[in-house]
Amino acid sequence: MKHETQANRLAEMIQDRIHYPAYELALPLVAVRRSKLKKLDIDDVLLTGFDRLECILLEGSTVCAKAAFGYAGKRSVLEILHLSDDSMEQQSDMKKHKTVKCSFGTVKSKVLEPKHLIDIAHIDLEQVTLFSEDKKIAEGVLVNVDAEIAIQIKKVI
């Protein structure tokens, strides 16, 4: 009986706890030729055009902040560089290209302001999921190709 009461009390405490806002951690949006996306296959490499690993925090279709990876002691952290409220609307006039979102997953943070550090130890920064028009199209890993960040496709969906 005592264990049942403790379990109920613990459940109440968890339900009463304030939940932090969740943000999607992603690379900046990348434009990829439509023909390349149609022929996407395992072990293909998509060049992003980035020479530094910076990222964005998304809430729905809004870019909330730009951030960079770093370390605080031995912990992996994400440092907020500056806040933003840009919409990541798809550009409809792009006939030859599609916008691709490369997502690492979600992070939670109570505070979203410049210089704030977010612990990202739970995120595997090598694994990335690719989305186009809000549809999951592939999974891959980050690789370095001639000092440029690229994504090697491991699974096509």
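Note that the structure is a prediction, hence the values are computed from the model and not measured. (Residues numbered from 1 in each chain as written. Predicted model: local features only at pLDDT ≥ 70, side-chain atom pairs only at ≥ 80, totals over all residues. Heavy atoms only, no water.)

**Some thoughts on the overall build of the protein chain**
Then, number 1: In terms of helices and strands, the protein chain carries 2 helices and 11 strands.
Then, number 2: Along the protein chain, helices (α) and strands (β) appear in the sequence α-β-β-α-β-β-β-β-β-β-β-β-β when read from the amino end.
Then, number 3: The 157 residues of the protein chain split such that 32% are buried.
Then, number 4: For the protein chain, restricting intrachain contacts to residue pairs at least 6 apart in sequence, the fraction spanning at least 24 positions comes to 62%.
Then, number 5: With an accessible surface of roughly 10500 Å², the protein chain has 49% of that area assigned to carbon and sulfur atoms. (Helix = DSSP H or I, 4+ residues; strand = E, 2+ residues; numbered from the N terminus. Buried < 20%, exposed > 50% of the residue type's maximum accessible area, 1.4 Å probe, protein only. Contact = heavy atoms within 4.5 Å. Areas by Shrake-Rupley, 256 points an atom, 1.4 Å probe, with all protein chains shown as cover.)

**Digging into the nonpolar core**
Then, number 1: Residues L25, L57, L78, V107, L130 and I151 are the most contacted members of the largest nonpolar core, which totals 30 residues.
Then, number 2: For this core, the element with the most residues is strand 7 (residues 97–108), which contributes 4 residues.
Then, number 3: Leaving out residues up to four positions away in the same chain, I151 has contacts with L27, D44, V45, L46, T48, C102, V128, L130, G140, V141, L142 and V143. (Core = buried A, V, L, I, M, F, W, Y, C linked by side-chain atoms within 4.5 Å.)

**A short note on the environment of F131**
Then, number 1: By secondary structure assignment, the location of F131 is in strand 9 (residues 127–132).
Then, number 2: For F131, a relative accessible area of 21% puts it in the partly exposed group.
Then, number 3: In this structure, the C-alpha to C-alpha distance between F131 and V100, residues 31 residues apart in sequence, is 5.6 Å.
Then, number 4: Residue contacts for F131: discarding those within four places in its chain leaves E24, T99, V100, K101, S103, K136 and I137.

Such coordinate-based values are descriptive only and should not be taken to indicate function.
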